[in-house]
Amino acid sequence: EIQGEEMDILQKLTGQVHEQALTLEDLYNVETSFEEGRPEIDIVLDRVRAGLYNIGINAISSQLKTQLTGTSAGEWETEGELKDITIELPKIATNQLENITIPSGDRVIRLYEIADIRTTQAPKEITRKNQVRIGKVTAHLKTNKPLDHVVQSIMSMMSEISFPSEYRYSIAGEEQKRQEAFGNLKFALILSLILVYMVLASQFESLIHPFTIILSIPLGVVGAIAIFFILGRSLNIMAYIGIIMLVGIAVNDSIILIDAINQLKKEGLSRTEAIIEAGQRRIRPIIMTSLTTILALLPLTLGFGEGAALRSPMALAVIGGLITSTLLTLVVIPCVYSVLDRLTLKG
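Bear in mind that the values here come from a model prediction, so they are computed numbers and not experimental data. The numbers attached to residues start from 1 for each chain and follow its sequence in the written order. It should be noted that, the model being predicted, local features are given only for residues of pLDDT at least 70 and side-chain atom pairs only at 80 or more, the latter also being counted only at that level, while totals for whole chains, interfaces and linings use all residues. Each side-chain value is worked out from all heavy atoms of the structure, with water and hydrogens disregarded.

Colleague: When you look at the overall build of the protein in this model, what are you seeing that I'm missing?
Modeller: Every helix listed is a DSSP run of H or I at least four residues long, and every strand listed is a run of E at least two residues long, numbered separately from the N terminus. For the protein, the count of helices and strands is 12 helices and 12 strands. Relative to its length of 347 residues, the protein is extended, with a C-alpha radius of gyration of 36 Å against a globular reference of 20 Å. Structurally, the protein occupies a C-alpha span of about 115 × 55 × 45 Å along its principal axes. Contacts between residues were defined by any pair of non-hydrogen atoms, one from each residue, lying within 4.5 Å. Considering only contacts within the protein whose residues lie at least 6 apart along the sequence, 71% involve residues at least 24 apart. Each accessible area is a Shrake-Rupley result for a 1.4 Å probe, and residues are judged covered by the shown protein chains and nothing else. Within the structure as shown, the protein displays about 21500 Å² of accessible surface, and the carbon and sulfur contribution to it stands at 56%. Only four residue types enter the charge count: Lys and Arg as positive, Asp and Glu as negative, with His and the chain ends excluded. Here the site of a charge means atom NZ of a Lys, CZ of an Arg, CG of an Asp or CD of a Glu. Positive and negative side-chain charges of the protein, numbering 31 and 38 respectively, have mean locations separated by a distance of 9 Å. Both definitions apply: the radius of gyration is a C-alpha atom measure, and the globule rule equals 2.2 Å times residues to the power 0.38.

Colleague: In this structure, what is going on with the sheet that holds strand E10 (residues 132-135)? I would like to understand it.
Modeller: Strand pairing in a sheet relies on backbone hydrogen bonds, with the paired strands running either antiparallel or parallel. Here, a strand pair is defined by DSSP locating no fewer than two bridges between the strands. As summarised here, the arrangement of the 4 strands in space is E9-E10-E1-E12, forming an open sheet in which the pairing is antiparallel. Among the strands making up the open sheet, the edge pair consists of strand E9 (127-129) and strand E12 (168-169). In terms of strand pairing, strand E1 (residues 2-4) meets E12 through 2 bridges, oriented antiparallel. Directly across from Ile2, in E12, lies its bridge partner Tyr169. Comment: axis = line fitted to C-alpha atoms, over the contacting stretch for helices; angle = value between 0 and 180 degrees taken between N-to-C directions. Across the face of the sheet, helix H1 (residues 7-21) comes into contact with E1 and E10 while running at roughly 165 degrees to E1.

Colleague: Explain the pattern of salt bridges to me, please; I cannot follow it from the model alone.
Modeller: Pairing between side chains of opposite charge can happen when their charged atoms approach one another. One side-chain nitrogen of Lys or Arg within 4 Å of one carboxyl oxygen of Asp or Glu is enough to make a salt bridge. For the structure shown, the criterion picks out 7 salt bridges. In this structure, Arg49 engages Asp116 in a salt bridge whose closest nitrogen and oxygen atoms are separated by 3.1 Å. Placement of Arg49 in helix H2 (residues 47-52) and of Asp116 in strand E8 (residues 115-123) is noted, with a sequence separation of 67 residues between them. On the accessibility criterion, Arg49 (24% relative accessible area) is partly exposed. Between Glu81 and Lys83 there is a salt bridge, with the nearest N and O atoms lying 3.6 Å from each other. Exposure classes here rest on a 1.4 Å probe applied to the protein chains alone. A residue is buried below 20% of its type maximum, exposed above 50%, and partly exposed in between. Its relative accessible area of 48% is what places Glu81 among the partly exposed residues. A relative accessible area of 36% places Lys83 in the partly exposed class. Connected through salt bridges with shared partners, the residues Asp46, Arg49 and Asp116 form a single ionic network.

Colleague: Got a minute to help me understand the packing of helix H9 (residues 251-266) against helix H10 (residues 271-301) in this structure?
Modeller: For any two helices packed against each other, one specifies the inter-axial angle together with the distance between the axes. Between H9 and H10, the shortest axis-to-axis distance is 9 Å and the interhelical angle comes to 150 degrees. Taken together, the axes of H9 and H10 lie roughly antiparallel to each other. The interaxial crossing formed by H9 with H10 has right-handed handedness. Contacts between H9 and H10 pair Asp253, Ile256, Leu257, Ala260, Ile261, Leu264 and Lys265 from the former with Ala274, Ile275, Glu277, Ala278, Gly279, Arg281, Arg282, Ile286, Thr289 and Ser290 from the latter. All amino acids are sorted into three groups, where Ala, Val, Leu, Ile, Met, Phe, Trp, Tyr, Cys and Pro are nonpolar, Asp, Glu, Lys and Arg are charged, and the leftover types, Gly among them, are polar. Its residues assigned to classes, the contact of H9 with H10 comprises 9 nonpolar, 3 polar and 5 charged. Each angle gets one of four labels, with under 35 degrees taken as roughly parallel, over 145 as roughly antiparallel, 65 to 115 as roughly perpendicular, and the rest as oblique. Left-handed describes a crossing whose near helix is turned anticlockwise from the far helix by less than a right angle; the clockwise case is right-handed.

Colleague: Where do I start with the pairing of E10 in this structure?
Modeller: Looking down a regular strand, the side chains alternate between one sheet face and the other. Direction of pairing for E1 relative to E10: antiparallel, over a ladder of 3 bridges. Bridging from a neighbouring strand, Gly4 pairs with Arg133 of E10. Two elements, E9 and E10, share 3 bridges in a ladder whose sense is antiparallel. Among the inter-strand pairings, Arg128 is bridged to a residue of E10, identified as Arg133. The hairpin formed by E9 and E10 contains 2 residues between the paired strands, and Asn130 there has a positive phi angle of roughly 55 degrees.

Colleague: Looking at this model, I keep getting lost on the nonpolar core. Mind explaining?
Modeller: Soluble, globular proteins show a tendency: their nonpolar side chains are buried together. Within this scheme, the nonpolar core is defined by two criteria: the residues are buried Ala, Val, Leu, Ile, Met, Phe, Trp, Tyr or Cys, and they are joined through side-chain atoms within 4.5 Å. The biggest cluster of nonpolar side chains holds 24 residues, and the ones touching the most others in it are Ile258 and Ile261. Sorting the residues of this core by element identifies helix H5 (174-204), helix H6 (209-214), helix H8 (237-249), H9, H10 and helix H12 (332-346) as the ones contributing at least two each. Ile258 has contacts with Phe204, Thr212, Ile213, Ile333 and Tyr337, leaving out every residue within four places of it along the chain. With 17 residues, the next largest nonpolar core counts Val17, Ala21, Met158 and Tyr167 among its residues.

Colleague: Would you take a moment to explain the environment of Gly74 for this structure?
Modeller: Position of Gly74 relative to the elements: it lies in strand E4 (residues 71-78). Considered as a pair, Gly74 and Ile87 are 13 residues apart in the sequence and their alpha carbons are 9.8 Å apart. Look past the residues within four positions of Gly74 in its chain and what remains in contact with it is Lys83, Asp84 and Ile85.

Colleague: For this particular structure, what's the right way to read the side chain of Gln3?
Modeller: Within the secondary structure layout, Gln3 lies in strand E1. With relative accessibility at 12%, the residue Gln3 sits in the buried group.

Colleague: Even after reading the chapter, I still don't get the packing of H5 against H8, so can you show me in this structure?
Modeller: In contact at an axis separation of 9 Å, H5 and H8 are set at 5 degrees when each is read in the N-to-C sense. By the angle class used here, H5 and H8 are roughly parallel. Of H8, the residues touching H5 (which contributes Ala181, Phe182, Leu185, Lys186, Ala188, Leu189, Ser192, Leu193 and Val196) are Ile237, Tyr240, Ile241, Ile244 and Val247. When its residues are assigned to classes, the contact of H5 with H8 shows 12 nonpolar, 1 polar and 1 charged.

Take a look at the structure:
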């Protein structure tokens, strides 16, 4: 969408964007909102020349209106109904407009002396957004190339077009909806992290050890991104929803492990002994918990039935995240717990 005030400049910029968009191989059916409408004649009054003849713009407008469309002369009643009376002059041909005479005192001025007459093509419709005129360039995607990649190509194309200071453009349509959706999902991700931390802090009665458990979330995100990279698929909104689900799923293994370590420490074992013993005791339930979740989600990735394209990315994100978070939880989380617990005791 190109935004601006002057219709001529807006139409010119929209035409330039349209020409550039035609060069992109990923787009087809490239169209603009400035489809040709009816031809019209613009009478552009020159205030300077009109001022030299000592005639005002309002006087010129009223004279032109009278000569071109007529003037009202009241009403008359016929058969119980009121009819408008309009006095009209003979019709004026378009090639005779410049010879229209406008009286000014004792002088008679021809229209071409104080105005420029132009033949233009009126737009079929004038589109506005937030009370600002806009010109639209629309297109369809030709290939299965991800939308964000196509948008990058469009942004690169737009950088080659020079825009006046009061004119700007924005990417609308599906890309605008995608940006809004991702913005909402980012807020949901941050909120879910805060809620998980609050629950863990209240249950473990510690402000430090919940960070150890939450560390499994970025470990899971690494796996979610890696599986899409390996399969050559793009991250979409459903994949992002799967990553948000990981916030609640990936921490389960860490909770099992950290809880076992704390219980063993209360029984009198040292920090290192408790970590080793908890790893030996909990490795089986940790792997079984993750494996059952992965196997339950596996059918969604195979693409059975309608809507498989929507479900598959979400399941893939959860599966990839669980694989890495489970494996790294058994290695990274005990090390981080040992470091943070040592710092807590020093504090």
